[in-house]
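So the chains spell out like this:
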Amino acid sequence: MSDEWDEETTTGTDLEEVREKLSSVGTKFKPCLTVLTGGASGQLFKVMKGTAVIGRAPSVEVKLEDDGISRSHARLRAETNRAWLEDMGSRNGTFVNGTKITSATELREGDKIQVGRTTVLRFGFHDDLDESFHENLMSSALRDGLTKLFNKRYLMDRLDSELKFAQRHQTALTLLMLDLDHFKKINDTNGHLAGDMLLSTVATALLRAVRNEDVVARFGGEEIAIVLRAIGVEAAAHMAERLRKVVEQAEVEIDGKKLRATASIGVAGYPSTPAKSVEELIEAADKALYRAKADGRNRVCR
């Protein structure tokens, strides 16, 4: 393997200096892949073993949802402070800094790896401080500041990748659109600080009530979206009813006064709704939400 250092790629950093720094701290630095673009944008993958496979298969270490990525697309092999990448006969190839690789290629700090149509990864060695900084940075970029739920940008990216997965594998995907009833009146009567506290309390209660793999995001204002993977509409409607009760029981106390809210929830899912896009699935869930509002609020409709 060549140790030649590409000055343009490394932006002036010397390879031997990097290796010397890494060697001086032993195993503290770990090979990592950061998703720069694609459905998993912002996610950090740490290579904990000697090898890690990048692909769409459920069993791979770096699992990415992108129609152009093969099930087992590429393999990353790491040794002491060095790493190599090789394509595994993927359909669309693996590119490092824009060049298609045809054999095991040594990776350097900052290298850009393209797999699939939209996914670009950045390779680097991270220590615990780097990881903590990355997590804080991604949290601020992908989560809503008040509720700590995922934000709308993350929701749209994730929903897009989940819908494509469901379409490709003909599996179920359900979207819940939840809106707190008469929330403007709560704000007007008790103040926006009280409203914010109640919304945050409801968000925390919902997070505790769903599965780890479910996505809970603030869609806007007092509206919350919940993405349920591999759950059909009928089962999701039962879950939505349970979440409606969770919201009803959540409360905050302001100046000795207890505040609660109720929620209307719309349920729509694929393939019962043959949505071809994220927008179509959201529209179907919104229509169900409007029906819940029209039917008297504090209820679930699908």
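The structure we're discussing is the one just above.
Draft legend 1. The overall build of the protein, seen in detail. For the protein, the helix and strand inventory stands at 8 helices and 18 strands. Burial status across the protein gives 48% buried among its 302 residues. Across the protein, contacts joining residues at least 24 apart in sequence account for 59% of those joining residues at least 6 apart. Of the roughly 15,200 Å² that the protein leaves accessible, carbon and sulfur atoms contribute 48%.

Draft legend 2. Fine view of the sheet that holds strand β6 (residues 82-87). Strand order in the open sheet formed by 5 strands is β4-β3-β5-β6-β9, with mixed pairing between adjacent strands. The two strands at the open ends of the sheet, each matched to only one other strand, are β4 (62-63) and β9 (105-106). Note: strand β3 (residues 51-55) against strand β5 (residues 74-79), 4 bridges, orientation antiparallel. Counterpart to V53 in the pairing with β5 is R75.

Draft legend 3. Structural context of the packing of helix α4 (residues 152-169) against helix α8 (residues 278-294). At a minimum axis separation of 9 Å, α4 and α8 run at an interaxial angle of 105°. What the angle tells us is that α4 and α8 run roughly perpendicular. Touching M156, L159, D160 and L163 of α4 are V278, E279, L281 and I282, all from α8. Its residues assigned to classes, the contact of α4 with α8 shows 6 nonpolar, no polar and 2 charged.

Draft legend 4. Representation of the environment of E222 within the structure. When you line up the elements, E222 lands in the loop between β13 (215-220) and β14 (223-229). Judged by its relative accessible area of 24%, E222 falls in the partly exposed class. C-alpha separation for the pair E222 and L180, spaced 42 residues apart in sequence, amounts to 5.8 Å. Excluding its chain neighbours within four sequence positions, the residues that come into contact with E222 are L178, D179, L180, F183 and L199.

Calculation rules
Residues numbered from 1 in each chain as written. Predicted model: local features only at pLDDT ≥ 70, side-chain atom pairs only at ≥ 80, totals over all residues. Heavy atoms only, no water. Helix = DSSP H or I, 4+ residues; strand = E, 2+ residues; numbered from the N terminus. Buried < 20%, exposed > 50% of the residue type's maximum accessible area, 1.4 Å probe, protein only. Contact = heavy atoms within 4.5 Å. Areas by Shrake-Rupley, 256 points an atom, 1.4 Å probe, with all protein chains shown as cover. Pairing = 2+ DSSP bridges. Axes fitted to C-alpha atoms, helices over the stretch in contact; angles between N-to-C directions. Parallel < 35°, antiparallel > 145°, perpendicular 65-115°, else oblique. Nonpolar A, V, L, I, M, F, W, Y, C, P; charged D, E, K, R; others polar.

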